There are 2 protein chains.
Amino acid sequence: MQKEHNLSKNQKIIFDLIDKSGEPMKAYSILFNVQKKGIKAPLQVYRALDKLVEIGKIHKIESRNAFIACQNSSCQVSKATAFSICESCENVSEISNSKLSKYLSNFSDDSGMKYSKYNLEFFGLCKRCKSK
Amino acid sequence: MQKEHNLSKNQKIIFDLIDKSGEPMKAYSILFNVQKKGIKAPLQVYRALDKLVEIGKIHKIESRNAFIACQNSSCQVSKATAFSICESCENVSEISNSKLSKYLSNFSDDSGMKYSKYNLEFFGLCKRCKSK
DNA sequence: TTATAAATGTTATATTATTACATAACGTTA
DNA sequence: TAACGTTATGTAATAATATAACATTTATAA
Ligand SMILES: [Zn+2]
Ligand SMILES: [Zn+2]
Ligand SMILES: [Zn+2]
Ligand SMILES: [Zn+2]
């Protein structure tokens with residue numbers, strides 16, 4: 001069961017935009033798109049993004065400096081994220097694979113470190129781009 | 001067997017610096033440290049970094065925008081990287097675990113995508129920081 | 001040698017993200 | 001409701017990260 005978070009005004013505007021776009025969006029592209037709604041400064045965007053990441057509504061694609069809406073409806077996994085990224089068309093999708101997430105969540109090595117969080121990014125060619 | 005790459009002058013200066021530091025270094029900190037060796041501009045640093053990443057001598061820690069020397073002596077894994085990152089002291093080390101790398105290299109899902117590369121970053125508290 | 005690719009040097013600029021400070025709105029509980 | 005602490009907002013300035021464009025030089029190899 002996911003905790004309900006009441007998004008603030010700016011958070012809602014920015015989440016809706018990212019969610020509707022369906023693809024990773026960059027901070028300044030978000031800024032450009034929400035200026036007509038009164039959000040004028042980078043910091044307003046970054047603050048909303050920080051919060052949305054924190055509560056798991058969006059994730060940051062680190063290799064792309066971009067943000068995508070969480071695609072796992074029942075997302076306990078804001079701390080356990082995996083993505084596939086097409087290096088040709090830049091399509092990104094969130095991997096939802098319980099075996100993978102179990103394997104990684106339970107992973108431990110001999111370093112004595114307890115892992116509480118991970119982010120995995122796979123790269124390759126998507127079906128469409130492969131067949132070109 | 002890893003291919004020998006003859007590093008160019010700038011590549012060697014920058015690799016040696018990163019390698020000796022033993023920890024992730026940021027591009028502009030690298031720049032500052034090599035200015036006395038005649039490397040004056042960001043682009044000179046970024047070009048060397050790009051090449052060193054390409055040939056697997058260093059890796060980029062995406063979540064930190066920093067670069068660390070490869071810690072796997074026999075590194076075929078420039079396209080299959082895993083790191084553990086302490087969120088308290090920011091210590092980073094490269095995970096060398098053949099089960100993990102096999103599991104991830106062979107991973108496939110029903111998306112029809114063939115993954116040729118991955119990067120995994122684990123977060124948590126290292127032994128030292130845990131016991132504080 | 002001659003051509004090709006790889007690397008370098010330099011200036012300017014683009015992109016991504018944070019600091020600092022002031023104010024306003026919200027949620028809790030006395 | 002009043003007071004308090006927390007969260008969110010507004011705004012300006014600036015820091016940090018990364019690339020574009022162009023000229024030149026050096027290495028590799030046919
Ligand atoms: Zn998610
Ligand atoms: Zn594609
Ligand atoms: Zn390595
Ligand atoms: Zn630590």
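Residues numbered from 1 in each chain as written. Chains lettered and ligands numbered in written order. Predicted model: local features only at pLDDT ≥ 70, side-chain atom pairs only at ≥ 80, totals over all residues. Heavy atoms only, no water.

**Student:** Mind showing me how you'd approach the domain arrangement of chain A here?
**Tutor:** You'll often see interface size given as the accessible area lost when the parts meet. Residues and elements named next belong to chain A. Looking at chain A, the domain boundaries give domain 1 (9-69) and domain 2 (80-130). With centres defined by C-alpha atoms, the gap from domain 1 to domain 2 works out at 22 Å. Contacts between domain 1 and domain 2 engage nine residues on the former and 10 residues on the latter. Between domain 1 and domain 2 the total buried area reaches about 710 Å² when both faces are included, carbon and sulfur atoms providing 57% of it. Considering only the side of domain 1, the residues that lose the most area to domain 2 are His59, Ile61 and Arg64, jointly responsible for 59% of the buried surface there. Applying the counting criterion to the domain 1 and domain 2 interface returns one salt bridge. For Glu90, the salt bridge is made with Arg64, and the minimal N-O distance between the two is 2.6 Å. Our count for the contact surface shared by domain 1 and domain 2 stands at four residue pairs in polar contact (both at pLDDT 80 or more). (Domains from an automatic or database assignment. Contact = heavy atoms within 4.5 Å. Buried area = accessible area lost by both parts, 1.4 Å probe. Salt bridge = Lys/Arg side-chain N within 4 Å of Asp/Glu carboxyl O. Polar contact = N/O pair within 3.5 Å; in protein donor to acceptor, adjacent residues only side chain to side chain.)

**Student:** Can you walk me through the coordination of the zinc ion (ligand 1) in this structure?
**Tutor:** Geometrically, a metal with four donors at the corners of a regular tetrahedron has ideal angles of 109.5 degrees, and one with six donors at the corners of a regular octahedron has ideal angles of 90 or 180 degrees. Residue and element names in this part refer to chain A. The zinc ion (ligand 1) binds to the protein through His59 (NE2), Cys70 (SG) and Glu94 (OE); the donor distances cover 2.1 to 2.2 Å. Look at where the donors of the zinc ion (ligand 1) fall in the sequence and you get H-x10-C-x23-E. In this pair, His59 is assigned in strand β1 (residues 58-61) and Glu94 in strand β4 (residues 92-94), connecting sequence segments 35 residues apart. Residue classification places Glu94 among the buried positions, given a relative accessible area of 9%. (Donors = N, O, S within 2.8 Å, 3.2 Å for Na, K, Ca; no water. Helix = DSSP H or I, 4+ residues; strand = E, 2+ residues; numbered from the N terminus. Buried < 20%, exposed > 50% of the residue type's maximum accessible area, 1.4 Å probe, protein only.)

**Student:** Which parts of the structure should I look at to understand the interface of chain A and chain B?
**Tutor:** The interface is formed by 32 residues belonging to chain A together with 32 residues belonging to chain B. With both sides pooled, the region where chain A packs onto chain B buries about 2,800 Å², and carbon together with sulfur makes up 61% of that total. Taken together, the connections running from chain A to chain B amount to two salt bridges. Applying the counting rule to chain A against chain B returns 10 residue pairs in polar contact (both at pLDDT 80 or more). Broken down by secondary-structure element, the contributors of at least two residues to the side of chain A that touches chain B are β3 (80-86), α4 (98-105), β5 (114-125) and α5 (127-130) of chain A. Among the elements that line the side of chain A that touches chain B, the one with the most residues is β5(A), at 12 residues. By residue class, the composition of the side of chain A that touches chain B is 15 nonpolar, eight polar and nine charged. By the bridge criterion, 11 bridges tie β5(A) to strand β5 (residues 114-125) of chain B in an arrangement that is antiparallel. Its bridge partner lying in β5(B), A:Glu121 is registered against B:Asn119. (Nonpolar A, V, L, I, M, F, W, Y, C, P; charged D, E, K, R; others polar. Pairing = 2+ DSSP bridges.)

**Student:** Could you clarify how one ought to interpret the side chain of B:Ser63 in this entry?
**Tutor:** One can find B:Ser63 in the loop between β1 (58-61) and β2 (66-69). Owing to a relative accessible area of 16%, B:Ser63 belongs among the buried residues under this scheme. At a separation of 2.7 Å, a polar atom in the side chain of B:Ser63 contacts the side chain of B:Glu121. If sequence neighbours within four positions are ignored, B:Ser63 has contacts with A:Glu62, B:Ile85, B:Glu121 and B:Phe123.

**Student:** What's the story with the protein's contact with DNA strand D in this structure? I'm lost.
**Tutor:** As a matter of local geometry, DNA strand D sits amid 16 residues, with A:Gln44, A:Arg47, B:Lys26, B:Leu43 and B:Lys60 nearest to it. Here the atoms of DNA strand D within 4 Å of the protein split so that 48% fall in sugar or phosphate, with bases taking the remainder. For DNA strand D, a phosphate oxygen lies 3.4 Å from a polar atom in the backbone of A:Lys9. In this structure, A:Asn10 approaches DNA strand D through a main-chain N or O atom, which is 2.9 Å from a phosphate oxygen. Where the surface near DNA strand D is concerned, the elements lending two or more residues are α1 (9-21) and α3 (42-54) of chain A together with α3 (42-54) of chain B. Looking at the surface near DNA strand D element by element, the count peaks at four residues for α3(A). Here the surface near DNA strand D is composed, by residue class, of five nonpolar, five polar and six charged. (Near = heavy atom within 4 Å.)

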